[in-house]
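Results of the structural survey
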Amino acid sequence: MSKIFVVVTTIGDGGFLDNYVNAIKNEGLLDEVSIIVIPDLKTPKSLYEKCEEVRKQGINIYCPTVEDQDAYLNKLGSIKQIIPYNSDNRRNIGFLMALEMGCEVLISIDDDNLPQGGKPFLKEHLIVNQKAKMEVVHSSNGWFNICDLLEVEPKTTYPRGFPYRYRHCNPKIDNGVEEGIIHINAGLWLNHPDIDAVSCLYGPAVSKAFKGKSILLGKNTWTPINTQNTAISRDAIPAYYFLRMGYPVLGIPIDRDGDIFSGYFVQACARHLGYRIRVGTPVSDHIRNTHNYLKDLTYELACIWMLEDITEWLREIKLEGNNYIEAYLCLADMLEDNVEKFTGFIWNDLTKGYFHYIAYCMRTWIKAIKTFWGY
């Protein structure tokens, strides 16, 4: 039975799958890797045909129709109501399916992030669940810019979700060697780094090369983590709910940062439990889908404001719990209580209401997991 699950959502024709088929075969993981492709209402019929073609090559691949997805969710309590159509939030369905099917390592990808030919991709993510002794970075202000691990033009580039109050601060970075069990592995990207719409509009960035060194984040050093080339441990999946977007904040629906919030939340739980976060390889080839950056900015702007305060709060809280489920439920409770104390123009009743709803979603997510998994 497969223990490694690659999960992706797409509204495309599945052409990206050829690259992953090659990676699975070239890395000798044919019997160990399964792919879960989650289509949506806009997904063309050709995707299902592509998945059947991949299946005939001996790859374990699942591509449930939207009707199959709904039937699956209906078995898991009330979670269907918090996973909308026409949304990358449907990635959550793949996460649940992978967990129920016995996943030990979950690799979340975007359909425009491709393995580099001739270099290990999947095996690099298999550092998850392993004890490793390697270089660690400690930042004097608690933040590390992972784009510094890349040769990027312009040189000063920050990843999507990096707090603006900590950009261009030039903190002191101390390096050392530490050991720990890795539960989160965040891979980086060539060509188009994962930067926000503000950065894209100001000046397009190009990632030309990886500098060659993966690192552990210090226990008090943070960075954004997305879902486009990230692996996590089975145990951590309960803390990796992809937050629902689409809620109106200041009159405009928010979007595009559900993975950033989920990345910060799972980091908080992993840190509380003593597990480590690794950043670097594998490095994907990011052939970015077409974007309208002004439109992206419209959806991202309120998220940027909220993250300024949420990230500060996350670094200060003290979670409770002996496993990810307990820690995540504690986080949900603390989130609901503490947003009432946030101040500033962004924190009106609607914004606070959004995070009350998110706390409800987090609990609903855990209830769904508990229907099939006795943690």
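Structural data are supplied above this passage.
What comes next is a walk through the structure. (Residues numbered from 1 in each chain as written. Predicted model: local features only at pLDDT ≥ 70, side-chain atom pairs only at ≥ 80, totals over all residues. Heavy atoms only, no water.)

**Things to note about helix H3 (residues 66-74)**
Of the positions making up H3, those classed as buried are Val-66, Gln-69, Asp-70, Tyr-72 and Leu-73. Across the axial projection of H3, the buried residues extend over an arc of 160°, all falling on one side. Those residues of H3 hidden inside the fold are in contact with strand S2 (33-38), helix H2 (45-55) and helix H4 (91-100). (Buried < 20%, exposed > 50% of the residue type's maximum accessible area, 1.4 Å probe, protein only. Helix = DSSP H or I, 4+ residues; strand = E, 2+ residues; numbered from the N terminus. Arc of directions from axis to C-beta. Contact = heavy atoms within 4.5 Å.)

**Notes on the packing of aromatic side chains**
For the coordinates displayed, the defined rule picks out 18 aromatic pairs. Ring geometry for Phe-95 versus Tyr-240: centroids 5.4 Å apart, planes at 20°, classification stacked. Of the two residues, Phe-95 is situated in helix H4 and Tyr-240 in the loop between strand S11 (229-233) and strand S12 (248-249); the sequence distance between them amounts to 145 residues. Per residue, the accessibility class of Phe-95 equals that of Tyr-240, and both read buried. An aromatic cluster is defined as three or more aromatic residues linked by ring pairs; in this entry it consists of Tyr-247, Phe-261, Trp-313, Phe-342, Trp-347, Tyr-354 and Phe-355. Sitting over the face of the ring of Trp-222, Arg-271 holds its NZ or CZ atom 4.3 Å from the ring centroid. (Phe/Tyr/Trp six-rings, centres within 6.5 Å; stacked < 30°, edge-to-face > 60°. Lys NZ or Arg CZ within 6 Å of the ring centre and 35° of its normal.)

**Here's the deal with the pairing of strand S7 (residues 150-153)**
Burial of S7 is one-sided: the residues Leu-150 and Val-152 facing one way are buried, the residues Glu-151 and Glu-153 facing the other way are not. Note that S7 and strand S9 (residues 206-210) share four bridges and pair antiparallel. Each residue of the ladder has a partner; that of Glu-151, found in S9, is Ala-209. (Pairing = 2+ DSSP bridges.)

**Structural notes on the nonpolar core**
Leu-314, Tyr-328, Leu-331 and Trp-365 are the most contacted members of the largest nonpolar core, which totals 93 residues. In contact with Tyr-328, other than residues within four places in its own chain, are Pro-238, Ala-239, Tyr-241, Phe-265, Cys-269, Met-362, Trp-365 and Ile-366. Grouped together as the second largest cluster of nonpolar side chains are 27 residues, Cys-51, Val-105, Phe-121 and Leu-122 included. (Core = buried A, V, L, I, M, F, W, Y, C linked by side-chain atoms within 4.5 Å.)

**Re the layout of surface pockets**
When its volume is computed, the largest pocket comes out at roughly 1200 Å³. If you go around the largest pocket, you meet 39 residues; those closest to its centre are Ile-11, Asp-88, Asp-255, Arg-256 and His-291. A per-element tally of the lining of the largest pocket places helix H8 (residues 293-316) first, with three residues. The residue inventory of the lining of the largest pocket, partitioned by class, reads eight nonpolar, 14 polar and 17 charged. Lining the second largest pocket we find 17 residues, and of these Lys-219, Asn-220, Trp-222, Arg-271 and His-272 sit closest to its centre. Among the secondary structure elements, those contributing two or more residues to the lining of the second largest pocket are helix H7 (258-273), strand S14 (276-286) and H8. Looking at which element gives the most residues to the lining of the second largest pocket, the answer is H7, with three residues. Of the residues in the lining of the second largest pocket, the class split is eight nonpolar, four polar and five charged. (1 Å grid on protein atoms, 1.4 Å probe; cavity = no way out; pocket = protein on both sides within 12 Å on 5 of 7 lines; lining within 4 Å. Points joined across faces, edges and corners; volume = space filled by probe spheres on them. Nonpolar A, V, L, I, M, F, W, Y, C, P; charged D, E, K, R; others polar.)

**Focus: the environment of Ala-368**
Topologically, Ala-368 is positioned in helix H10 (residues 349-370). Distance from Ala-368 to Glu-27, taken between C-alpha atoms, is 34 Å for residues 341 residues apart in sequence. Aside from chain neighbours lying at most four places away, what touches Ala-368 is Leu-76 and Ile-79.

**Considering the state of the cysteines**
Each disulfide is one covalent bond, formed between the sulfur atoms of two cysteines. With the rule as written, the count across this model stands at zero disulfides. Cys-51 provides the cysteine sulfur closest to Cys-63, a residue in no disulfide bond, and the two sulfurs are 3.7 Å apart. In this structure Cys-200 is a free cysteine whose sulfur lies 11 Å from that of Cys-147, the closest cysteine sulfur available. A relative accessible area of 6% means that Cys-200 is categorised as buried. (Disulfide = S-S within 2.5 Å.)

**Quick word on the packing of H7 against H8**
Two elements in contact, H7 and H8, have axes separated by 11 Å at closest approach and are oriented at 0°. Here H7 lies roughly parallel to H8, going by the angle between them. Residues Ile-260, Phe-261, Tyr-264, Phe-265 and Ala-268 of H7 pack against Cys-303, Met-306, Leu-307, Ile-310, Thr-311 and Leu-314 of H8. Of the residues belonging to the contact of H7 with H8, the class tally is ten nonpolar, one polar and no charged. (Axes fitted to C-alpha atoms, helices over the stretch in contact; angles between N-to-C directions. Parallel < 35°, antiparallel > 145°, perpendicular 65-115°, else oblique.)

**Some remarks on the side chain of Thr-281**
Within the secondary structure layout, Thr-281 lies in strand S14. Judged by relative accessible area, Thr-281 falls into the buried class, the value being 15%. Here the side chain of Thr-281 touches Arg-278 through a polar contact of 2.9 Å, side chain to side chain. (Polar contact = N/O pair within 3.5 Å; in protein donor to acceptor, adjacent residues only side chain to side chain.)

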